[in-house]
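Each chain, letter by letter, is given below.
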Amino acid sequence: MANIVWHTKFQISLDLTMDDLDHPEFPELWETIYKTDRYYGHRGVPVHQRDLQCGGVCRDAGVEAWMHLRLRANGRREAVHERREDEARHTVPMSDEHKAYQERILRAAEEGGFHSDSEVRTRAGRSWIQTDTLVEGADGRRIGWEVQLSSVGSEGLRGVRARAAKAEKNGITPAWHTDRSDYAQRRDAHWTRSNSLPAYVIAKTGDLRVISGFRKLDFWRCDVHAVHPCPNERCAS
């Protein structure tokens, strides 16, 4: 399954994680495309003739991988590959380093007195947010940590801005950790960076040096007493 679908007839990418498929200019776009795909299915039209291709990993690799749409009972939207080998292309095993960072974030949260959990799915409208590690703090604040390492490759950054915006819209402050300098220089999320380290070093209980990115997140109420300007350049009364 994939979240990014390429519509060959409309020549647009569709992000299934967003209610409007990332096309607010086209109201009811999902309903139109989903009903059309269902109609094709009932008429026995082959998947490779339904105008939908994998628009993420497969398209980046130059592969035409045809898909059909599915709507789960819980409202989750899914795009399913026609061929199993195309589906397998999306499966990237989690590295030991990635697991070590997740465990370290959990340990740091616990030591700070905060609740946290890994691989958390949060309801967001008609879809879901999948978070590597979600930390819950005071006043209901939530920080969603994602780990993006050099072993994933540059294609792993596809959709960061959309994922970060979706998290913020649903009350989760996005924070991403990496060991790549070019990732940490981005401004689509709160990035932190450490050196490229083996898993056994990451798992140690000593301090882990953060060499670039955002070192601290400050939270304040956006009202007339705010010290800093509000993000939308106006304060609430």
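As shown above, the structure is provided for reference.
Residues numbered from 1 in each chain as written. Predicted model: local features only at pLDDT ≥ 70, side-chain atom pairs only at ≥ 80, totals over all residues. Heavy atoms only, no water.

With that out of the way, let us pick up the overall build of the protein chain. Across its full length, the protein chain carries seven helices and eleven strands. Taken across its 237 residues, the protein chain has 38% of its residues classed as buried. The contacts in the protein chain between residues at least 6 apart in sequence include a share of 50% that link residues at least 24 apart. For the protein chain, the exposed surface amounts to about 14300 Å²; the carbon and sulfur share of it is 49%. (Helix = DSSP H or I, 4+ residues; strand = E, 2+ residues; numbered from the N terminus. Buried < 20%, exposed > 50% of the residue type's maximum accessible area, 1.4 Å probe, protein only. Contact = heavy atoms within 4.5 Å. Areas by Shrake-Rupley, 256 points an atom, 1.4 Å probe, with all protein chains shown as cover.)

Positive phi, close to 60°, is recorded for glutamine 11, a residue that is not glycine. On the secondary structure map, glutamine 11 appears in the loop between β1 (4-7) and β2 (12-15).

As a further point, take the pairing of β2. Of the strand pairs in this sheet, β1 and β2 are connected by four bridges, and their pairing is antiparallel. Directly across from isoleucine 4, in β2, lies its bridge partner aspartate 15. Here β1 hands over to β2 after four residues, with glutamine 11 in that stretch at a positive phi of 60°. (Pairing = 2+ DSSP bridges.)

Okay, the nonpolar core next. Counting 17 residues, the largest nonpolar core has Val5, Leu14, Leu16, Leu21, Ile33 and Leu69 as its most contacted members. Sort the elements by how many residues they give to this core and helix α1 (residues 29-42) lands first, with four residues. Beyond its immediate sequence surroundings of up to four residues, isoleucine 33 is in contact with His7, Phe10, Leu14, Leu21, Leu52 and Leu69. (Core = buried A, V, L, I, M, F, W, Y, C linked by side-chain atoms within 4.5 Å.)

Our focus in this paragraph is the sheet that holds strand β3 (residues 52-54). Pairing is antiparallel across the open sheet formed by three strands, whose spatial order is β2-β1-β3. Every interior strand has two partners, whereas the edge strands, β2 and β3, have only one. Each strand of the sheet is rotated relative to its neighbour by a mean of 35°, with strand direction disregarded. Set on the sheet, α1 makes contact with β1, β2 and β3; between it and β2 the angle comes to about 100°. (Axes fitted to C-alpha atoms, helices over the stretch in contact; angles between N-to-C directions.)

Considering all chains together, one arrives at eight salt bridges under this definition. One salt bridge in this structure joins aspartate 37 and arginine 50, with 3.5 Å as the shortest N-O distance. Of this pair, aspartate 37 sits in helix α1 while arginine 50 sits in the loop between α1 and β3, and the two are 13 residues apart along the sequence. Classification of aspartate 37 as buried rests on a relative accessible area of 3%. Given the relative accessible area of 13%, arginine 50 is considered buried. A salt bridge links arginine 70 to glutamate 78, with the shortest nitrogen-to-oxygen separation between them at 2.8 Å. Look at glutamate 78 and you get buried, because its relative accessible area is 5%. (Salt bridge = Lys/Arg side-chain N within 4 Å of Asp/Glu carboxyl O.)

What follows concerns helix α5 (residues 160-169). The periodicity of an α-helix, 3.6 residues per turn, causes residues three or four places apart in sequence to face the same way. Along α5, the positions that sit buried rather than exposed are Val160, Ala164, Lys166 and Ala167. Seen along its axis, α5 keeps its buried residues to an arc of 165°; they face one direction. Along α5, exposed side chains directed more than 90 degrees from the buried face belong to Arg161 and Lys169. (Arc of directions from axis to C-beta.)

Between the first and last C-alpha of α1 there are 20 Å, a value that for 14 residues agrees with the 20 Å anticipated at 1.5 Å per step. Along α1, the residues classified as buried are Leu29, Trp30, Ile33, Tyr34, Asp37 and Tyr40. Viewed end-on, α1 has its buried residues packed into an arc of 120°, placing them on one side of the element. The exposed residues of α1 that point more than 90 degrees off its buried face are Lys35 and His42. Looking at the packing, one finds that the buried side of α1 touches β1, β2, β3, β4 (67-71) and β5 (77-81). Glycine 44, located one to two residues past α1, shows a positive phi value of around 75°. (Expected span 1.5 Å × (residues − 1).)

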